Amino acid sequence: MLTFMKITPQQKAERFLSVLRHCQRLGLTVVTADETSLQMRLPYSEEIIGNPLMGIVHGGALTTLMDTACGTACFVAIEGMELCPTLDLRVDYMKSSDPGKHLIAHASVTRIANNVIFTECLVKQEDDGVLIAKCNAAFMRIGSEMTPVEFQNVIKTGDTSVYLAPAAKDGNGDVTS
């Protein structure tokens, strides 16, 4: 499936994740990836705590983990470089994660249609496998022609320097076009 680019599903997933700044801030990493599924890790940190008294991970961080894991699985599953925005994400929070526990998302593509890709994801605590949340998500296929060339080059080469170059700012610190 990825032979034309000569990169593995793992590399394609890692390169996709490498250009998502919010994922870098969260410390998300791809643990494993194949043609239709992957595992993504969210390390526990004080920056993602939703309840400071209990040390529990915020639901928004969990949702970001699931959305990113499912979206990355879509990107890897489709031949070429077709970005697929999230259409629908339904989350079931099963229980709060334990303080200090890293989380692993197990995302898989369940069906690829002409216009939509369907996925599912389970988030478990890394050390004991306790289920924390699960989701079903759908992603819209928009065609590879809608994927920016700079982004495609990052996936092909692994070089994020051009794509992630700091934004140009004027003398007031405002971003310029």
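Our subject is the structure listed above.
Residues numbered from 1 in each chain as written. Predicted model: local features only at pLDDT ≥ 70, side-chain atom pairs only at ≥ 80, totals over all residues. Heavy atoms only, no water.

Colleague: Before we go on, may I ask you to explain the overall build of the protein chain in this structure?
Modeller: Along its length, the protein chain carries 4 helices and 8 strands. Counting from the amino terminus, helix and strand elements in the protein chain follow one another as α-α-β-β-β-β-α-β-β-β-β-α. For the protein chain, with 177 residues in total, the buried portion stands at 41%. Sequence separation of 24 or more characterises 61% of the internal contacts of the protein chain that already satisfy a separation of 6 or more. Total accessible area on the protein chain is roughly 9,400 Å²; 52% of this is exposed by carbon and sulfur atoms. (Helix = DSSP H or I, 4+ residues; strand = E, 2+ residues; numbered from the N terminus. Buried < 20%, exposed > 50% of the residue type's maximum accessible area, 1.4 Å probe, protein only. Contact = heavy atoms within 4.5 Å. Areas by Shrake-Rupley, 256 points an atom, 1.4 Å probe, with all protein chains shown as cover.)

Colleague: Which parts of the structure should I look at to understand the nonpolar core?
Modeller: If you look at soluble globular proteins, the nonpolar side chains tend to sit buried side by side. Residues Met40, Leu42, Cys121 and Val123 are the most contacted members of the largest nonpolar core, which totals 37 residues. Listing elements by their share of this core, those giving two or more residues are helix 1 (9-18), helix 2 (21-26), strand 1 (29-33), strand 2 (37-42), helix 3 (59-77), strand 6 (103-112), strand 7 (116-125) and strand 8 (131-140). Among the elements that make up this core, the one with the highest residue count is helix 3 (10 residues). Listed in part, the 8 residues of the second largest apolar core include Ile7, Val19, Phe75 and Phe151. (Core = buried A, V, L, I, M, F, W, Y, C linked by side-chain atoms within 4.5 Å.)

Colleague: Any chance you could explain the layout of surface pockets here in plain terms?
Modeller: In this structure, the largest pocket encloses a volume near 220 Å³. Residue lining of the largest pocket: 13 residues in total, with Phe16, Asp67, Gly71, Cys84 and Thr86 positioned closest to the centre. Considering each element in turn, the lining of the largest pocket owes the most residues, 5 residues, to helix 3. Residues that form the lining of the largest pocket fall into these classes: 7 nonpolar, 5 polar and 1 charged. (1 Å grid on protein atoms, 1.4 Å probe; cavity = no way out; pocket = protein on both sides within 12 Å on 5 of 7 lines; lining within 4 Å. Points joined across faces, edges and corners; volume = space filled by probe spheres on them. Nonpolar A, V, L, I, M, F, W, Y, C, P; charged D, E, K, R; others polar.)

Colleague: Honestly, the packing of aromatic side chains in this entry has me stumped. Any pointers?
Modeller: Remark: the centre distance and the inter-plane angle together describe each pair of aromatic rings, the angle taken between the planes. Throughout the structure, instances matching the rule amount to 1 aromatic pair. Geometry around Phe75 places Lys12 over its ring, the cationic atom sitting 4.7 Å from the centre. (Phe/Tyr/Trp six-rings, centres within 6.5 Å; stacked < 30°, edge-to-face > 60°. Lys NZ or Arg CZ within 6 Å of the ring centre and 35° of its normal.)

Colleague: Help me understand the packing of helix 1 against helix 3, please; the structure alone is not making it clear to me.
Modeller: Each pair of packed helices can be described by the angle between their axes along with the distance between the axes. Here helix 1 crosses helix 3 at 130 degrees, and the two axes come no closer than 9 Å. When the axis of helix 1 is compared with that of helix 3, the two are oblique. The hand of the helix 1/helix 3 crossing is right-handed. Of the residues in helix 3, those touching helix 1 at Pro9, Lys12, Ala13, Phe16 and Leu17 are Thr68, Gly71, Thr72, Phe75 and Val76. (Axes fitted to C-alpha atoms, helices over the stretch in contact; angles between N-to-C directions. Parallel < 35°, antiparallel > 145°, perpendicular 65-115°, else oblique. Left-handed = near helix turned anticlockwise from the far one by under 90°.)

Colleague: What exactly am I supposed to notice about the pattern of salt bridges here?
Modeller: Side-chain pairs of opposite charge can arise where the charged atoms are in close proximity. Going through the model one piece at a time under the given rule, you end up with 6 salt bridges. Ionic pairing is found between Glu82 and Arg141, a salt bridge with its closest N-O pair at 2.9 Å. Remark: Arg141 occurs in the loop between strand 8 and helix 4 (149-157) and Glu82 occurs in the loop between helix 3 and strand 5 (86-93); sequence separation between them is 59 residues. The partly exposed category is assigned to Arg141, whose relative accessible area is 25%. The network of salt bridges with shared partners includes Lys101, Asp127 and Asp128. (Salt bridge = Lys/Arg side-chain N within 4 Å of Asp/Glu carboxyl O.)

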